[in-house]
There are 2 protein chains.
Amino acid sequence: MSRLQNLKTRLAEINAINMANALMDWDHQCFMPHGAAEARAQHQGILSRLAHEMFTSDETQRLVQDSVSECANEDDSAMLRVVKREIDQATKIPAELVEKKMRLSALGHETWVRARQTNDFNLFAPVLEDMFGIAREEAGHLGYTDHVYDALTDLYEEGATKAGWDSMFSMIKLPLVELVRRIKESGEQPDDSIFYGQWEDTAQAGFTEMLAKDVGFDFDRGRQDTAAHPFCTNFSVNDVRLTTRFKPYLASAIFGTLHEAGHGMYEQGSPGEWDMSPLAGGVSLGIHESQSRTWENIVGRSRAFWQRYLPKLKAAFPSFPDVPLDQFYKAINKVEPSLIRVEADEVTYNLHIMVRYEVECALLTGAIAVKDLPDFWNSKYEEYLGITPPNDAEGCLQDVHWSAGSIGYFPTYSMGNILSYQLWEKLCKDLGDVDALMSAGNFTPILEWLQSKVYRHGKKYPPAELMTRVTGRALDARPYVDGITKKYEALYSLTAGV
Amino acid sequence: MSRLQNLKTRLAEINAINMANALMDWDHQCFMPHGAAEARAQHQGILSRLAHEMFTSDETQRLVQDSVSECANEDDSAMLRVVKREIDQATKIPAELVEKKMRLSALGHETWVRARQTNDFNLFAPVLEDMFGIAREEAGHLGYTDHVYDALTDLYEEGATKAGWDSMFSMIKLPLVELVRRIKESGEQPDDSIFYGQWEDTAQAGFTEMLAKDVGFDFDRGRQDTAAHPFCTNFSVNDVRLTTRFKPYLASAIFGTLHEAGHGMYEQGSPGEWDMSPLAGGVSLGIHESQSRTWENIVGRSRAFWQRYLPKLKAAFPSFPDVPLDQFYKAINKVEPSLIRVEADEVTYNLHIMVRYEVECALLTGAIAVKDLPDFWNSKYEEYLGITPPNDAEGCLQDVHWSAGSIGYFPTYSMGNILSYQLWEKLCKDLGDVDALMSAGNFTPILEWLQSKVYRHGKKYPPAELMTRVTGRALDARPYVDGITKKYEALYSLTAGV
């Protein structure tokens, strides 16, 4: 067997352990009984350590070195590039720290769920303290030139830095603040109370699964369950798991499912022959989020989409008010500063991200202490969104990320919003009347375009290169700012260009 | 760190891989999308091989050797005894064969499900052919003195042999055949049509979960889902998963759940400090089955139990006929030769086992070919039960075991039936009026007795030693033959002792 083949076999073994760990995580969030938390944390800690040890072993590193000369095609070269970068990151972090983090993460999740349920920040504070301590340790091991944050955020988005994020946010901050101001001053506000009601779980499950299936999520290679905080995971390109949640606010499940289905279709779109290899799956969190936002917001919050699906929604939920399409379209695009990020509208969403970005930078550098987080959080909400959370459950306890030690992750959400419009602009140029496709329920050309331009490349090209290949530019906020401004000027009857 | 401690750490690592594999299996049977079968098979194959390699490595074997002198208590000595036996079995089977079997087992399960759904034996035949081929290879590696079957059945029941099983079956065969004959001649037959109806899945789930909870299954450390072929598995003593199935025949879910809850409570009853160690969990399939049968048959098919639960059943299923207790009691104990093992009554059940035992011995030795299995199966059903399956789905395709390569397993079911009565006889001597406890819904003394006598010992004592410690005898069929004869003489108004 060639050394390249040996490397692939070894990577498949590591993949099996990582996918087992991912299944444990999915089960943890969807089904696992509470009493199992301790054992699950131990098991996940061990599996993380074993995978880490195998991945960073001398043997694997030697196989990578020795395989270079055997690379006969650009896929293999790309695979080696990805593996080298990941090994480089992984070897810098000691195995004990990886295991410690995984263990804290599993127990931290349980604690976070309870803290949120009981609105008890003090219960969660020690986890947060430990998690940011681990993050500082990680950053120290990874190394950085300008800012401690750079070391961590690069793990989620290749090449990202605090300076880059600051620049990105500066491009959208003023236009967003301005747009929110103009919308507020318009005095117009659609009624979204139509979404509140006693919606049966089975009806919500049926309707959202139909939507996911129609846009192209393959249920023969995936499924949907419920979780407290919806997510998408996968154990193979042929085994992608969506989650959603069923609330008295019907829009939550609908847009939650479309969002996760966007992630899911990206994963399902990797070439089958790359399964279990490092090239399979989404290339970065930013690109990933661009896909979830494409299907949630650009498709799912379009008038054309609901031209087709509003009658079906009314059929699935007989007690849903018989509102006309335009009223419904306005309701799903209501812009209003609110407390919960995952249910925020497209315009204010990035303000939620800016709060989290500033909070995690401040916690990481020690500019604020964990005990001061609730006050800091609340003051930022007041500053950016003009509202103050009435409690921590609806405030700084609302997100799962920090309980898992995902620090440096939040800005990729905003990046995703921006990239989704950047890709969509090009898609529309290539496909023509996309609204006509959507209102006819013909999502195949859209999915196929994304499939051929983005999904099928998996992790082959670094994110900036992928974006440049598809759109000619790396990150460009103009399509997002233009698109969102135009959409909401029309929705709120604002005078264009003011 | 002591060598014993090093060994324990290593065993915990292997446990983590094995438990991940068990979770993959549970997910496979309960939730996994069909398209994922290939990747899951690969992942499970790899994890099995890794665990096998770690368990049988020189390093582990050296740690076992070196730990002997450090054993300071009988728990550690017992742990070493168990590990030595398992390493001995595992080192005899090459890693490649273990992986091949695990892979075939995962794909084989998919094939079996489809073959059963479409009543297509030919679809399943190649899997069976391969699986019995693997079994013969395994037996060759394990070695045996008298019969090829001995090598395999010892894996499930320490010390079991074909000669032993032949002897056990000879003790119960005549009394059972005689009892079935007398019941048939009585001309009396209760009406069990009361169980057929359109029972809502949610009502079946709610009622069966209530039963499992009441008898003592801890839902904070376990859960129940549905599967085509109900089973119980666990990933920790604090994470035990039951499965059941919801059919138009209500008794299926009720007794299925009580059966699996019996397995589940045994697993939940291991000492917490043994979790992730080889001492945790049920000691053998025969002892395990004695617990499932205790709760399914001895408790669950008693008049006293339904004195309490019949009113609750009627409340949970408003369309259930308002039958009196005695009629219900007779209906759940109707003895009638039937086609499906898992729904067979207590008296004919072991005849189903005898068919499978003879079939697998014949397939293993080559006395019959795979292609002849349906005919052989059907002729045995005619011979023992006086009925012929109308198709293979209700015939030789009904059981999951062979698709997983579990050959030598079936006789442990009959052993379980026998041991359940043997243990119950002693329990009644110790606890007094057990019927009064059950009719009052007071299962705690029963569970605590089993807990203190059986469950808390995990795998510490070999099965025969455990039975001897509790009842003074290893395996004794008399309590079973006496108990079952007395129960059904009363139910069918037979003249005692004829």
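Please read all numbers here as calculations on a predicted model, not as lab measurements. (Residues numbered from 1 in each chain as written. Chains lettered and ligands numbered in written order. Predicted model: local features only at pLDDT ≥ 70, side-chain atom pairs only at ≥ 80, totals over all residues. Heavy atoms only, no water.)

## Remarks on the interface of chain A and chain B
Part 1 of the reasoning: Of the residues lining the interface, 38 residues belong to chain A; the matching set on chain B comes to 39 residues.
Part 2 of the reasoning: Of the roughly 2800 Å² buried where chain A meets chain B, counting both sides, 67% is carbon and sulfur surface.
Part 3 of the reasoning: On the chain A side of the contact with chain B, Phe31(A), Pro33(A) and His43(A) bury the most area, a combined 18% of that side's loss.
Part 4 of the reasoning: Where chain A meets chain B, there are six salt bridges.
Part 5 of the reasoning: Between Arg40(A) and Asp239(B) there is a salt bridge; the shortest N-O distance is 3.3 Å.
Part 6 of the reasoning: Joining chain A to chain B, the criterion identifies 12 residue pairs in polar contact (both at pLDDT 80 or more).
Part 7 of the reasoning: Listed by contribution, the elements that provide at least two residues to the side of chain A that touches chain B are α1 (3-30), α2 (37-56), β1 (222-226), β2 (232-236) and β3 (239-244) of chain A.
Part 8 of the reasoning: Considering every element that reaches the side of chain A that touches chain B, the biggest residue donor is α1(A), with 11 residues. (Contact = heavy atoms within 4.5 Å. Buried area = accessible area lost by both parts, 1.4 Å probe. Salt bridge = Lys/Arg side-chain N within 4 Å of Asp/Glu carboxyl O. Polar contact = N/O pair within 3.5 Å; in protein donor to acceptor, adjacent residues only side chain to side chain. Helix = DSSP H or I, 4+ residues; strand = E, 2+ residues; numbered from the N terminus.)

## Comments concerning the side chain of Thr233(A)
All names here are of chain A.
Part 1 of the reasoning: Within the element layout of this structure, Thr233 appears in strand β2.
Part 2 of the reasoning: Overall, the relative accessible area of 16% leaves Thr233 in the buried class.
Part 3 of the reasoning: Thr233 has contacts with Ala22, Trp26, Asp239, Val240 and Arg241, leaving out every residue within four places of it along the chain. (Buried < 20%, exposed > 50% of the residue type's maximum accessible area, 1.4 Å probe, protein only.)

## So, the domain arrangement of chain A
Often, the extent of an interface is quoted as the loss of accessible area on bringing the components together.
Residues and elements named next belong to chain A.
Part 1 of the reasoning: When the domains of chain A are assigned, the result is domain 1 (3-142) and domain 2 (163-491).
Part 2 of the reasoning: Listed by partner, the interface residues are 36 residues for domain 1 and 41 residues for domain 2.
Part 3 of the reasoning: Between domain 1 and domain 2, the buried area comes to about 3400 Å², and carbon and sulfur atoms account for 67% of it.
Part 4 of the reasoning: Counting the contacts that link domain 1 with domain 2 gives two salt bridges.
Part 5 of the reasoning: With a closest N to O distance of 2.8 Å, Lys460 and Glu74 form a salt bridge.
Part 6 of the reasoning: Taken together, the connections running from domain 1 to domain 2 amount to nine residue pairs in polar contact (both at pLDDT 80 or more).
Part 7 of the reasoning: For the side of domain 1 that touches domain 2, the secondary-structure elements that each account for two or more residues are α1, α4 (74-92), α5 (95-117) and α6 (121-142).
Part 8 of the reasoning: Within the side of domain 1 that touches domain 2, the residues separate by chemical class into 22 nonpolar, six polar and eight charged. (Domains from an automatic or database assignment. Nonpolar A, V, L, I, M, F, W, Y, C, P; charged D, E, K, R; others polar.)

## Comments concerning the environment of Pro248(B)
Residues and elements named next belong to chain B.
Part 1 of the reasoning: Examined against the element boundaries, Pro248 turns out to sit in the loop between β3 (239-244) and α10 (250-268).
Part 2 of the reasoning: For Pro248, a relative accessible area of 51% translates into the label exposed.
Part 3 of the reasoning: Placed 49 residues apart in sequence, Pro248 and Trp199 show a C-alpha to C-alpha distance of 6.1 Å.
Part 4 of the reasoning: When residues no more than four places from it in sequence are discounted, the contact partners of Pro248 are Phe195, Tyr196, Gly197 and Trp199.

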